[in-house]
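Residue strings, one per chain:
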Amino acid sequence: MNTLTIDIIERCMHNDRKAQLKLYNQYCDGMYIVAKRFLKDSFEAEDVVQEAFIKAFTKLHQYKAEVTFGAWLKRIVINKSIDLIKSKKQQMLELDEVHLKVVDSGYEDEWLVDDTITLDEVKEAINQLPDKYKYVVMLFLIEGYDHQEISEILNITEVASRTQLSRGKAKLRELLKVTQNGTRH
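Treat the numbers as computed from the prediction; the structure is a model and nothing was measured.

**Student:** Before we go on, may I ask you to explain the nonpolar core in this structure?
**Tutor:** In globular proteins that are soluble, nonpolar side chains generally tend to be buried together. One finds Phe 69 and Leu 139 to be the most contacted residues of the largest nonpolar core, which totals 49 residues. Contributions of two or more residues to this core are made by helix H1 (3-13), helix H2 (17-38), helix H3 (42-58), helix H4 (69-88), helix H5 (119-128), helix H6 (131-142), helix H7 (147-154) and helix H8 (158-183). In terms of residues, this core owes the most to one element, H6, which gives nine residues. Leu 139 has contacts with Phe 38, Ile 78, Ile 82, Gly 144, Tyr 145, Ile 150, Ile 153 and Leu 154, leaving out every residue within four places of it along the chain.

**Student:** Help me out: how do you make sense of the packing of H2 against H3 in this one?
**Tutor:** When two helices pack together, their arrangement is given by the angle between their axes and by how far apart the axes lie. Contact pair H2 / H3: the axes reach a minimum separation of 9 Å and the direction vectors enclose 135 degrees. In terms of their interaxial angle, H2 and H3 are classed as oblique. Relative to H3, the crossing made by H2 is right-handed. On the side of H2, the interface is formed by Gln 20, Leu 23, Tyr 24, Tyr 27, Cys 28, Met 31, Tyr 32, Ala 35 and Lys 36, while H3 contributes Ser 42, Ala 45, Glu 46, Val 48, Val 49, Gln 50, Phe 53 and Phe 57. Class assignment for the residues of the contact of H2 with H3 results in 12 nonpolar, three polar and two charged.

**Student:** Whenever I open this one, the environment of Phe 38 confuses me. Can you help?
**Tutor:** Within the secondary structure, Phe 38 sits in helix H2. The class for Phe 38 is buried, based on a relative accessible area of 0%.

**Student:** Explain the packing of aromatic side chains here, please?
**Tutor:** Geometrically, a pair of aromatic rings is defined through the distance of the ring centres and the angle of the planes. Enumeration according to the criterion identifies six aromatic pairs in this entry. Seen from their ring centres, Phe 53 and Phe 57 are 6.0 Å apart, and the 40 degrees between their planes marks the pair as tilted. One end of the pair is Phe 53 and the other is Phe 57, both in helix H3 and four residues apart, which spans about a single turn. Residues Phe 53 and Phe 57 agree in their burial class; the two are buried. Ring centres of Phe 69 and Trp 72 lie 5.8 Å apart, and the angle between their planes is 45 degrees; this geometry places the pair in the tilted category. Of this pair, Phe 69 and Trp 72 both sit in helix H4, three residues apart, which is roughly one turn of that helix. An identical accessibility class is assigned to Phe 69 and Trp 72; each is buried. Put simply, the rings of Tyr 27, Tyr 63, Phe 69 and Trp 72 pair up and form one aromatic cluster.

The rules behind these values
- Residues numbered from 1 in each chain as written.
- Predicted model: local features only at pLDDT ≥ 70, side-chain atom pairs only at ≥ 80, totals over all residues.
- Heavy atoms only, no water.
- Core = buried A, V, L, I, M, F, W, Y, C linked by side-chain atoms within 4.5 Å.
- Buried < 20%, exposed > 50% of the residue type's maximum accessible area, 1.4 Å probe, protein only.
- Helix = DSSP H or I, 4+ residues; strand = E, 2+ residues; numbered from the N terminus.
- Contact = heavy atoms within 4.5 Å.
- Axes fitted to C-alpha atoms, helices over the stretch in contact; angles between N-to-C directions.
- Parallel < 35°, antiparallel > 145°, perpendicular 65-115°, else oblique.
- Left-handed = near helix turned anticlockwise from the far one by under 90°.
- Nonpolar A, V, L, I, M, F, W, Y, C, P; charged D, E, K, R; others polar.
- Phe/Tyr/Trp six-rings, centres within 6.5 Å; stacked < 30°, edge-to-face > 60°.

Pasting the structure below:
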């Protein structure tokens, strides 16, 4: 991380309003995009970003420069988004302009999607997954988190994360086969 960002963060720790505003302006758009992936409503996404920044500024003393400030803040935004979804029992939103991470050869059941299946069909299928699978699938395939990170975010074990991902991907494949068979002659 560059010294300028470290300097801004240190100034934020001392409640320097100008530094806080600078940090906010630097990251607010990117964090809004992250929140919007999880939430349907743009106002809710804005609220989550605001809450995430408030939490970040109050917990800034806990920030260790082991990861970038952006990565640390992104995790707060994702946690806040999932908390909101859980509290409202909402459906997950349609994800826009998302590129699925499909390289996962560590499993016997390789993650392969037929070329004829569209991204919209994949997004729709993810929305149909039960919540316990949906969040793990989204965090792994879409956000690119590993099982250790997912276990921390969702407060589950790494084994549970792997199991839920495996079952979620199996359900996703079933849903996509039904979609594919339903659209073919």
